[in-house]
Amino acid sequence: MFLFDDLAKIQLVDVIEFLGTIAFAISGIRLASAKRFDWFGAIVIGFVTATGGGTLRDLLLDVPIFWTQASRYIWCTLFAFLIVLCFRKFLVHLNNTIFWFDCIGLGLFVVVGYEKALALDYPVWVCVSMATITGIVGGMIRDILINEVPIIFTQELYAVACILGGILFSILHYLNVDLAVIEISTAVFVVVIRVLATKYRLKLPILKGED
């Protein structure tokens with residue numbers, strides 16, 4: 001029932017998962033705050049944002065759902081709620097708060113999703129798919145619950161950034177690069193793609209109907 005169930009066994013990917021959970025939870029709670037949700041509603045939105053992608057991933061991989069196996073994900077969400085509660089004035093005035101936390105969570109969760117599938121000996125295409133699902137689904141569920149169009153359909157290169165991140169992970173892993181370097185490089189790569197795509201408004205072509 002502690003934040004770290006076994007401190008001695010914590011690896012870099014666990015730290016990445018904790019940070020990703022907190023980052024995504026903050027993005028969800030901050031958005032819920034903007035929609036004037038009460039405390040309980042904000043915590044629920046934060047938790048769903050942080051765990052939605054991993055939940056679908058684990059269902060597809062037919063393994064126990066990760067957040068039912070340890071309490072730390074709930075603690076991470078509550079910690080994120082306290083951050084928003086204590087620093088809400090700073091976060092409100094910080095430009096693009098939701099964007100930055102969403103970018104960070106996206107990059108970190110791509111790594112977590114890929115490694116989860118890799119550890120189960122799935123082929124590369126499945127690992128990339130699980131990385132993408134882990135990164136994008138929580139935000140999609142969040143947006144649906146707060147009655148917004150999911151950002152995957154409205155922002156620049158969202159899912160594409162996850163796919164490219166998964167491909168980079170695959171290449172570096174094939175080249176036998178140190179795992180810690182792969183994890184950090186992949187997360188940073190995804191964040192950089194999102195930032196550059198947003199700054200320069202890089203988008204995929206729009207599929208047009210009949211004129």
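Residues numbered from 1 in each chain as written. Predicted model: local features only at pLDDT ≥ 70, side-chain atom pairs only at ≥ 80, totals over all residues. Heavy atoms only, no water.

An unreviewed UniProt entry lists the protein chain under the name Glycine transporter domain-containing protein, with Dysgonomonas gadei ATCC BAA-286 given as the organism. What UniProt states about the protein chain under its Sequence similarities (unreviewed entry) heading is, verbatim, "Belongs to the UPF0126 family." Annotation of the protein chain in UniProt includes, under Subcellular location (unreviewed entry), the sentence "Cell membrane". (UniProt positions renumbered as here; feature names shortened; annotations may be inferred.)

Novice: Account for the UniProt feature "transmembrane region" (unreviewed entry) in the protein chain, naming residues and giving values.
Specialist: In this structure's numbering, the residues bearing the UniProt feature "transmembrane region" (unreviewed entry) are residues 12–32, 39–60, 72–91, 98–116, 122–145, 157–174 and 180–197. Secondary structure across residues 12–32 divides into 100% helix and 0% strand, with the first and last C-alpha atoms of the span separated by 30 Å. From the first C-alpha to the last, residues 122–145 spans 32 Å; its make-up is 92% helix and 0% strand. (Helix = DSSP H or I, 4+ residues; strand = E, 2+ residues; numbered from the N terminus.)

Novice: How would you sum up helix α1 (residues 12–34)? Please name residues and give values.
Specialist: The end-to-end C-alpha distance of α1, which contains 23 residues, comes to 33 Å, matching closely the 33 Å that a straight helix rising 1.5 Å per residue would cover. Burial of α1 is extensive: 18 of the 23 residues sit out of reach of the surface. (Expected span 1.5 Å × (residues − 1). Buried < 20%, exposed > 50% of the residue type's maximum accessible area, 1.4 Å probe, protein only.)

Novice: Quick one: what's the story with the packing of helix α2 (residues 39–61) against helix α5 (residues 97–119), residue by residue and with numbers?
Specialist: The description of two packed helices rests on the angle between their axes and on the distance between the axes. Running from amino to carboxyl end, α2 crosses α5 at an angle of 15°, the nearest separation of the two axes being 11 Å. When the axis of α2 is compared with that of α5, the two are roughly parallel. For the element pair α2 and α5, the recorded crossing hand is right-handed. Residues A50, R57, D58 and L61 of α2 lie in contact with α5, whose contacting residues are F109, V112, G113, K116 and A117. Partitioned by chemical class, the residues of the contact of α2 with α5 number five nonpolar, one polar and three charged. (Axes fitted to C-alpha atoms, helices over the stretch in contact; angles between N-to-C directions. Parallel < 35°, antiparallel > 145°, perpendicular 65-115°, else oblique. Left-handed = near helix turned anticlockwise from the far one by under 90°. Contact = heavy atoms within 4.5 Å. Nonpolar A, V, L, I, M, F, W, Y, C, P; charged D, E, K, R; others polar.)

Novice: How would you sum up the side chain of T132? Please name residues and give values.
Specialist: Examined against the element boundaries, T132 turns out to sit in helix α6 (residues 124–145). From its side chain, T132 meets the backbone oxygen of V128 in a polar contact 2.9 Å long. Not counting residues within four places of it along the chain, the set of residues in contact with T132 comprises A159, C162 and I163. (Polar contact = N/O pair within 3.5 Å; in protein donor to acceptor, adjacent residues only side chain to side chain.)

Novice: Break down the state of the cysteines for me, with residues and values.
Specialist: Covalent bonding between the sulfur atoms of two cysteines is what defines a disulfide. One pass over the full model with this rule turns up zero disulfides. Looking at C76, it has no disulfide partner, and the nearest cysteine sulfur is the one in C86, 16 Å off. C162 forms no disulfide, and the closest cysteine sulfur to it belongs to C103, at a distance of 10 Å. For C162, a relative accessible area of 0% gives the class buried. (Disulfide = S-S within 2.5 Å.)

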